[in-house]
Amino acid sequence: MDDIAVGPLDLAARVDDALGVQALAFGLTEEEVGVRRHIVLRHLGCPGARALGATTPEGRLVGFVYGMPNSRGHWWSSVVEPYLRNTGSDGWLDDAFVITELHVHPDYQKHGIGRALITAITATAAEPRSILSAIDTESPARALYRSLGYRDLARQVVFPSAPSPYAVMGAPLPLRG
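Residues numbered from 1 in each chain as written. Predicted model: local features only at pLDDT ≥ 70, side-chain atom pairs only at ≥ 80, totals over all residues. Heavy atoms only, no water.

Visitor: Before we move on, could you go through the packing of aromatic side chains and cite the residues and values that matter?
Guide: Scanning all chains against the criterion turns up three aromatic pairs. Between the aromatic rings of W75 and F159, the centroid separation amounts to 5.8 Å while the plane-to-plane angle is 35°, which identifies the pairing as tilted. Taken as a pair, W75 in helix α3 (residues 75-86) and F159 in the loop between β6 (151-157) and β7 (166-172) lie far apart in primary sequence, 84 residues in all. Consider the rings of Y145 and Y150, whose centres lie 5.8 Å apart with planes at 65°: the pair is edge-to-face. For Y145, a relative accessible area of 8% corresponds to the buried category. Connected via pairs of aromatic rings, a cluster forms that spans W75, F159 and Y166. For the cation-ring pair, R129 lies above W92, with the distance from its terminal atom to the ring centre recorded as 5.6 Å. (Phe/Tyr/Trp six-rings, centres within 6.5 Å; stacked < 30°, edge-to-face > 60°. Helix = DSSP H or I, 4+ residues; strand = E, 2+ residues; numbered from the N terminus. Buried < 20%, exposed > 50% of the residue type's maximum accessible area, 1.4 Å probe, protein only. Lys NZ or Arg CZ within 6 Å of the ring centre and 35° of its normal.)

Put into structure tokens, the structure is as follows:
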């Protein structure tokens, strides 16, 4: 995967390409992609939101990550806050950079692209820590996050309309190599 370049991504311009990667990686329906398109575009208007992409030499997007400084006013924070409060971890919502989405095309997974994306985006964060949510199952994604220094802050977090519970994870920045 030496030919994959990780760099800044104009996510608004390439939202359909990014959601195509997410749909394959996450098994989304066309309807779910449509809903997520509006969410992504709304997120991009948040202060400090930024994205990186992983592209082939031909310009094909095969992975992306985006995130932003957290705000307790965001919908995600309002859902996870009670779970974090129950574990004494709600302070993680303050002064944190949230990894909103990180996805790699299934044909390109397990080649270090996800690691490169998340470490690159958090390397430029002004915040001292990072938080994210991931499906609460033992998965390659959770293993990656743990290897970077993320730890479980709350488990069995239920998001409205999500079919599976999530774990909220946090790590001090910079991430471990």
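Visitor: Explain the pairing of strand β2 (residues 50-55) to me, and be specific about the residues and the numbers.
Guide: Of all six residues that make up β2, five are buried, and the element is covered over most of its length. In this sheet, β2 lies alongside strand β1 (residues 5-8) in antiparallel orientation, the contact comprising four bridges. Residue G7 lies in a different strand from β2, and its bridge partner there is G53. Pairing of β2 with strand β3 (residues 61-69) involves six bridges; the strand directions are antiparallel. In the strand pairing of β3, A51 is matched with Y66. Counting the residues that bridge the hairpin from β2 to β3 gives five residues, and of these G59 lies at a positive phi of roughly 90°. (Pairing = 2+ DSSP bridges.)

Visitor: Would you mind going over the pattern of salt bridges in detail, with residue names and values included?
Guide: Counted under the stated rule, the structure contains eleven salt bridges. A salt bridge links R36 to E101, with the shortest nitrogen-to-oxygen separation between them at 3.6 Å. Here E101 lies in strand β4 (residues 96-104) and R36 lies in helix α2 (residues 30-43), a separation of 65 residues in the sequence. D136 serves as the salt-bridge partner of R142, at 3.2 Å between the closest nitrogen and oxygen. One exposure class covers both R142 and D136, and it is buried. Through salt bridges with shared partners, one network takes in D136, E138, R142, R146, D152 and R155. (Salt bridge = Lys/Arg side-chain N within 4 Å of Asp/Glu carboxyl O.)

Visitor: Quick rundown of the sheet that holds β6? Include the residues and the values.
Guide: Backbone hydrogen bonds are what pair the strands of a sheet, in a parallel or an antiparallel way. With mixed pairing, seven strands are arranged side by side in an open sheet as β1-β2-β3-β4-β5-β7-β6. In the strand order of this sheet, the two ends are held by β1 and β6, each with one partner. Going across the sheet, the axis of each strand differs from the next one's by a mean of 20°, ignoring polarity. As defined by bridge partners, β3 adjoins β4 across seven bridges and the pair is classed as antiparallel. In the strand pairing of β4, F64 is matched with H103. This element, α3, spans β4, β5 (129-135), β6 and β7 of the sheet and lies at about 100° to β6. (Axes fitted to C-alpha atoms, helices over the stretch in contact; angles between N-to-C directions. Contact = heavy atoms within 4.5 Å.)

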